[in-house]
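Chains, contacts and geometry: an overview
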Amino acid sequence: MEIHYLTAHQLKDMLEKRQISCTEIVKSVYLRIEEVGDRLNSYVRLEKESALSRAGEVDKLISAGSDIEDFMGIPIAVKDNICTKNITTTCASRILENYIPIYNATVIDRLESRNYILTGKANMDEFAMGSSNENSYFGAVKNPWDTDRVPGGSSGGPAACVAAGEAVCSLGSDTGGSIRQPASLCGVVGFKPTYGMVSRYGLVAFASSLDQIGPLTRDVEDCAAMLNIICGYDRKDSTSINVEVPDYKSFLKADIKGMKIGVPKELMVEGIDREVKEAVYRTIKLAEDMGCIVEEISLPSLEYALSVYYIIASSEASSNLSRFDGVRYGYRNMEARTLREMYRRSRAEGFGDEVKRRIMIGTYCLSAGYYDAYYEKAQRVRTLIMGDFKKAFEKFDILISPTSPTTAFKIGEKMKDPLTMYLSDICTIPVNLAGLPAISIPAGLSGSKLPIGLQIIGNVLREDNVLKAAYSLEKAIGFTGKPGL
Amino acid sequence: MKNQYEQVIGLETHVELYTNTKMFCGCRLSFGEEKNIYTCPVCLGHPGSLPVINKKAIEYAAKIALALNCKIKKYTIFHRKNYFYPDMPKNYQISQYDLPLGVGGWLDVDMGSYIRRVRITRVHMEEDTGKLLHKGTTGRISESEASIVDFNRAGTPLIEVVTEPDIRSPEEAKEYMIVLRNLILFLDVSNCSMEEGSLRCDANVSVRKAGEDKIGTKTEIKNLNSFKFLQKGLGYEAKRQIEVLEAGGKVIQQTRHYDSKTGTTKTLRSKEEAHDYRYFPEPDLVPIYIEDKMIEDIRKTIPELPYVKAKRFEKQYGLPKYDSNFLANNKDLADYFEQCCRRYNNAKNIANWIMGDFSALINKEKMTIKDSRITPENLCKMLEIIDKGKINSKIAKAVFEEMFNTGGDPQKIIEDGGLEQISDEGLLEAVIEEVIKENPGVVEQFKEGKNKAVGFLIGRVMAKTKGKANPRIVNNIITKKLS
Amino acid sequence: MESISKDNVKHIAELAELEFSEKDIEKITSQIERILDHVANVSSVNTEGILPTSHVLNIKNVFREDMAEESVTQESALKNAPDEANDGFKVPKID
């Protein structure tokens, strides 16, 4: 069994049994990175030296008799929009190419206290805006299952790392599906927690009311273990929920008999690939065989979710990205002779096209005369969408749908028309608008050997239901595929 | 020409609160030291940083709003005000828009012959910007080649108080600012210093023909950074606008800066752009629901306000308006005064001494009445002694100064100095006889009808008795003897 | 079709402190038009009596005590500054 394809819980077991050392694990992962790195481009920056040095320290701790807790000594990739102190954090943008954070994101502090090993900063769509990881200043990331295809986005790097064995697991961020959709396209597990369960302090903001950090892992068990570490109240984040964090691993039970499962009609529309739909139907059958009750349900306002999302996300982003002006950090056009010249040139030269597009759209939606019709209107429709979900969860424990309408598409295929790209997110977007927890698990392979993802959505703070269902279905589906890389 | 017009003024005042820490992060507030030493990822606007509301700032803001008779909104939120400027760490300011903390208040400004009630439209909270220093020979933006930004001040809690355009003259504007400033000082929530920049004022000015209802086109006047400049700037702007209208032109809506060197207002930009701030609710902060209990708790911490106290002094102690205002507008003096009134019942007497000799001495020493060595007990004792006729007013002044310098008991000072007034008629007669004998010429003058002569003779008696003679008795005896 | 003039786009770019070449203005105008045209479908939704959601959470009154915390050093503050002078962030002539 290749070490770089083991799960964190398997590696923990081996560490406990002294069958392997942390240094061996890290070396093995880096060997794999060297082997496939050029073909995938999943990393913006590697931290090999410090990783090996940390591994040595962890090995010392272990031989000194330290308890081995989850993720101790485990190589983890971190999406490059999560601030790591003293380690360049670029958001895959020219405008932050040389930005060195002066502080750690809260999630990083938590992982550090568990002695994790940072492999490096994972590539992504610039400022988390994209669904294919083709919008990176550092070049596109390739899908390990077929390097002519996209890994999904914006957490394309984190997903590819896990799928290809370049990291045991990774941290990504999800605003409209950015963890789940690439997880789906790369055949790995990706989880977006309830909005507010994971601190956003240190996550470079894209859309403040939608962003959440979450894990990408090889299986649901690793995912639950990671949630135990990163979830929880942070007083530095005013939108952080102050509730007791359960032991998410306690929900890893294979029995979901009696669970009521809803299938939103609006998320099984014509645009969904036939093979993808079939995978979902196969899973429904498995669930029913396990004693679940599965029914179709309509959430009519979901039809407008894409529009609501693009208005709200772009508006919030246009404001969040105003701070990138070349004054205090980041790229500055040094030839500019006046302030306004400096602002405009730095931002025009520092941001990629998709980012500029969204800033323009967002600025428009917030501007005088348009605010009511666009931003505020979208906020009202958002209330309707939340209402539809609330009603659905009165009847059902979880909802399932495809994660992505298609399997991985070819590089360049959707770059001509931004709108086509946006449609990749129709299944995942509504979840962020309502702040719900959701997971994507591999549900099978298509005829062309490309992963298909299944999305499981829970009610607010009902990670328990999501994990229970995910764990059970994962066992039932029995997906073991690996990219041929 | 001017009399046909009236000036319509609204004021926007910014007050820097002196909480321990900034509005949205735990950095201390700075007091003009080295640049960029009180900053953190939040107030530097670093990527990934998030704001957290300072509870004390909300309390102080509510205090101000309540003191201004505002209605506190039960549900209030922050908005983002988006615009780019180098002193802005995020290029948006976290401020309040359509759900401010306090609305619908007023402040009465006593102009002497009338009272101007200035309605307060709103009181809201926001964060301050950093400071810009302009490199170049004159330090002015237009003449600099570069600027330096210091973010120590960025994030300091600010309260904005906006009035309706109820003010009708530069004098009223100045009085309003003085009353507002005193009020806020009373609440102990800010240094309120225009020199230090913890009190800032912008004005919206227009003119119209007297009697008209419609408000004319207004200009915004900035850089009015002292009470004097405020008055001058508004006076100039009224004149300027009237001249424009009289010449048949229209007042252009624009922002103008007051230039203290020339005493005029000027536009900085040739093209005036209306700002589109694209306000939207701040997604990184959650709403504030203010409970009644919180409002009551804050209300309890507000000390008796100056104008309320002044009215009370007039009623309770029978003091004239001038005295009441004088004392009520200084919390320390007012407290001292009332402490004295508990032990001694001639309030006017106490007031006179505090407003007169006492104030003169403490001002000279640049101290507060609290710091002085004269206790209320001792001042009252001295006043009782004077009432009993044991010392005259001249000696009293000397005793008072001695008390001020040494903090001593007045009775003891009088005894030690042998300063008791001489009222013994027998003793005084003897001295008076001496004086009359020594000054025959003056006596002659008096007999010829020059009454001033008496004063001279009294003076001689005072000199001989080292000022201790009872002047009334001396006067009586001399007058009797000479007539 | 939601139609936006080039002047409107230029104005939006000014508000956002972005600049586009003449060639790119055409391209971005048509892209923005297309996207806005699509998202404008929200206008057809009946939202009478529905309040806008600014926060998905039911959280309120999140405050911190007015207690000082350590600031970063001046060195840290200026660490990423593209241009600095006299312990401050230097910017070109303000226009």
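Read on for a plain summary of the structure. Computed from a prediction, not measured in an experiment: that's the story for all the values here.

Some thoughts on the pattern of salt bridges
Counted by the stated rule, this structure contains 65 salt bridges over all chains. A salt bridge links Lys 90 of chain B to Glu 127 of chain B; the shortest N-O distance between them is 2.9 Å. Here the residue Lys 90 of chain B occupies a position in the loop between β5 (79–82) and β6 (92–95), and Glu 127 of chain B occupies one in strand β8 (residues 115–127), the gap between them amounting to 37 residues. What makes Lys 90 of chain B buried here is its relative accessible area of 7%. Take Glu 127 of chain B: its relative accessible area is 8%, and that puts it in the buried class. Salt bridges here are not isolated pairs; linked through shared partners, they connect Arg 200 of chain A together with Arg 80, Glu 282 and Asp 284 of chain B.

Details of the packing of aromatic side chains
Scanning the entire structure with this criterion turns up 32 aromatic pairs over all chains. Note on Phe 313 of chain B and Tyr 317 of chain B: the rings are 5.4 Å apart at their centroids and 75° apart in plane angle, and the pair reads as edge-to-face. Highlighted residues: Phe 313 of chain B and Tyr 317 of chain B, both in helix α5 (residues 306–317), separated by 4 residues, approximately one helical turn. Taking the centre distance of 5.4 Å and the plane angle of 85° together, the rings of Phe 358 of chain B and Phe 400 of chain B count as edge-to-face. Here the residue Phe 358 of chain B occupies a position in helix α8 (residues 347–364), and Phe 400 of chain B occupies one in helix α10 (residues 393–406), the gap between them amounting to 42 residues. With a relative accessible area of 1%, Phe 400 of chain B lands in the buried category. Aromatic ring contacts, followed pair by pair, group Tyr 99, Phe 127, Phe 324, Tyr 329 and Phe 351 of chain A into a single cluster. One Lys or Arg, Lys 414 of chain A, reaches over the ring of Phe 409 of chain A and ends 4.5 Å from the middle of that ring.

A few points about the sheet that holds strand β9 (residues 131–135) of chain B
Hydrogen bonds between backbone atoms are what pair the strands of a sheet, whose relative direction is either parallel or antiparallel. Strand order in the open sheet made by the 4 strands is β9(B)-β10(B)-β3(C)-β2(C), with antiparallel pairing throughout. Each of the sheet's edge strands pairs with one partner strand only, and the pair in question is β9 of chain B together with β2 (84–85) of chain C.

Points about the interface of chain A and chain C
Taken residue by residue, the interface counts 66 residues in chain A and 53 residues in chain C. Taking both sides of the interface into account, the surface hidden between chain A and chain C amounts to around 5400 Å²; carbon and sulfur atoms contribute 65%. Summed over the three residues of chain A that lose the most area to chain C, namely Arg 344, Met 360 and Tyr 364 of chain A, the buried surface amounts to 13% of that side. Seen at the junction of chain A and chain C, the total is 4 salt bridges. In this structure, the connection of chain A to chain C is made through 19 residue pairs in polar contact (both at pLDDT 80 or more). Those elements that place two or more of their residues in the side of chain A that touches chain C are α9 (305–320), α10 (339–350), α11 (353–366), α12 (372–395), α13 (418–422) and α14 (429–434) of chain A.

The rules we used
Residues numbered from 1 in each chain as written. Chains lettered and ligands numbered in written order. Predicted model: local features only at pLDDT ≥ 70, side-chain atom pairs only at ≥ 80, totals over all residues. Heavy atoms only, no water. Salt bridge = Lys/Arg side-chain N within 4 Å of Asp/Glu carboxyl O. Helix = DSSP H or I, 4+ residues; strand = E, 2+ residues; numbered from the N terminus. Buried < 20%, exposed > 50% of the residue type's maximum accessible area, 1.4 Å probe, protein only. Phe/Tyr/Trp six-rings, centres within 6.5 Å; stacked < 30°, edge-to-face > 60°. Lys NZ or Arg CZ within 6 Å of the ring centre and 35° of its normal. Pairing = 2+ DSSP bridges. Contact = heavy atoms within 4.5 Å. Buried area = accessible area lost by both parts, 1.4 Å probe. Polar contact = N/O pair within 3.5 Å; in protein donor to acceptor, adjacent residues only side chain to side chain.

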